[in-house]
Amino acid sequence: MTGDRIVTAQGLNHWFGSGEARKQALFDVTFALDRGSFTVLMGPSGSGKTTVLTLVGCLRAVQAGSVRLLDHELLGAGEAALVALRRRLGFIFQAHNLHESLTALENVMMGVQVHSGLPDALARQAAAHALGLVGLSDRIDYLPANLSGGQKQRVAIARALVGNPALVLADEPTAALDKDSAAEVVDLLKRLGRERGTTTLLVTHDNRILDRADRILTLEDGRIVRVDHPARDAGSPDGPGSGGLPFLPPAT
Ligand code: ADP
Ligand code: MG
């Protein structure tokens, strides 16, 4: 392992609602993600998976406990710091959330331009490259309506990866897919993560994809009740690859 910690969550507690309706959703959740690791967070519906993912992803405020993300403490962090951190993450959701009026290429360009203001020509180049990596070079000018579910989710992966994020957070990305497309999407996420040294946290209750994880954290009723390490693939020695060339020049 590189020993690099991308995320350290410690003693995380979280509540929703207030007064009588106040309900605790997470209890003392503790885990760490090393650079380049591929971790699956599993558990039944309502167990707290999305809550964990949104806390790590700076999409909601940490209430109690600690999350260190890319060497920044999220407990008590201000909105500006959270926004800056969010830009270093890639998100993939169950619904692909593609803009229906934009082509695959334009959708992926948004993933890099929204934050960086990169000139069109460079964004186009980066987006085309990312679509190539997910095997969609021949579909770059297609609208989402003309792509299959698996292809749309691959566009969403390209959009999440085009900015070269340190951490990819995926919430039920295979829920709407058939078995083969689901396996394809997860394998792709895993392979790209390994090649590029990206860390991935994938939330699912889809146990068709469990054998693909380096590590599985199981949540039940807001608590981590198990940690499993499925056998490593033959082709996976000690950790991530050296990481490919970034899609984009390093930020200045
Ligand atoms: P999962 O993603 O595993 O299905 P969630 O993290 O979405 O679970 O939810 C965990 C618990 O927190 C559930 O009991 C859910 O009802 C509750 N919860 C989640 N989001 C909210 C919210 N915005 N307001 C109130 N309760 C919520
Ligand atoms: Mg959820």
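Everything in this summary refers to the structure shown in the same document.

Conventions we followed
Residues numbered from 1 in each chain as written. Chains lettered and ligands numbered in written order. Predicted model: local features only at pLDDT ≥ 70, side-chain atom pairs only at ≥ 80, totals over all residues. Heavy atoms only, no water. Pairing = 2+ DSSP bridges. Helix = DSSP H or I, 4+ residues; strand = E, 2+ residues; numbered from the N terminus. Contact = heavy atoms within 4.5 Å. Axes fitted to C-alpha atoms, helices over the stretch in contact; angles between N-to-C directions. Core = buried A, V, L, I, M, F, W, Y, C linked by side-chain atoms within 4.5 Å. Buried < 20%, exposed > 50% of the residue type's maximum accessible area, 1.4 Å probe, protein only. Near = heavy atom within 4 Å. Polar contact = N/O pair within 3.5 Å; in protein donor to acceptor, adjacent residues only side chain to side chain. Areas by Shrake-Rupley, 256 points an atom, 1.4 Å probe, with all protein chains shown as cover.

1. As for the sheet that holds strand 1 (residues 5-16)
And step 1. Read from one edge to the other, the open sheet built from four strands follows the order 2-1-4-5, with strand pairing classed as antiparallel. The open sheet is flanked by strand 2 (23-34) and strand 5 (72-73), the only strands paired with a single partner.
And step 2. Sheet analysis places strand 1 next to strand 2, joined by eight bridges and oriented antiparallel. Paired with F16 across the bridge in strand 2 is K23.
And step 3. Contacts from helix 1 (residues 49-56) reach strand 1, strand 2 and strand 4 (64-69) within the one sheet, and its direction differs from that of strand 2 by about 60°.

2. A look at the nonpolar core
And step 1. By size, the foremost hydrophobic cluster in this structure holds 40 residues, and its most contacted members are L131 and I157.
And step 2. The residues contacting I157, other than those within four sequence positions of it, are I92, V134, V185, L188, L189 and L192.
And step 3. In terms of nonpolar packing, the next biggest core, distinct from the first, is built from 29 residues, F31, C58, V62 and L70 among them.

3. Quick look at the site of ligand 1
And step 1. Taken together, F16, K23, A25, P44, S45, G46, S47, G48, K49, T50 and T51 make up all the residues around ligand 1.
And step 2. One of the side-chain nitrogen or oxygen atoms of K49 is found 2.8 Å away from an oxygen atom of ligand 1.
And step 3. In the complex, 60% of the free accessible area of ligand 1, which totals 550 Å², lies under the protein chains.
And step 4. Looking at the shell around ligand 1, the elements with two or more residues in it are strand 2 and helix 1.
And step 5. When residues in the shell around ligand 1 are grouped by element, the largest group, three residues, is from helix 1.

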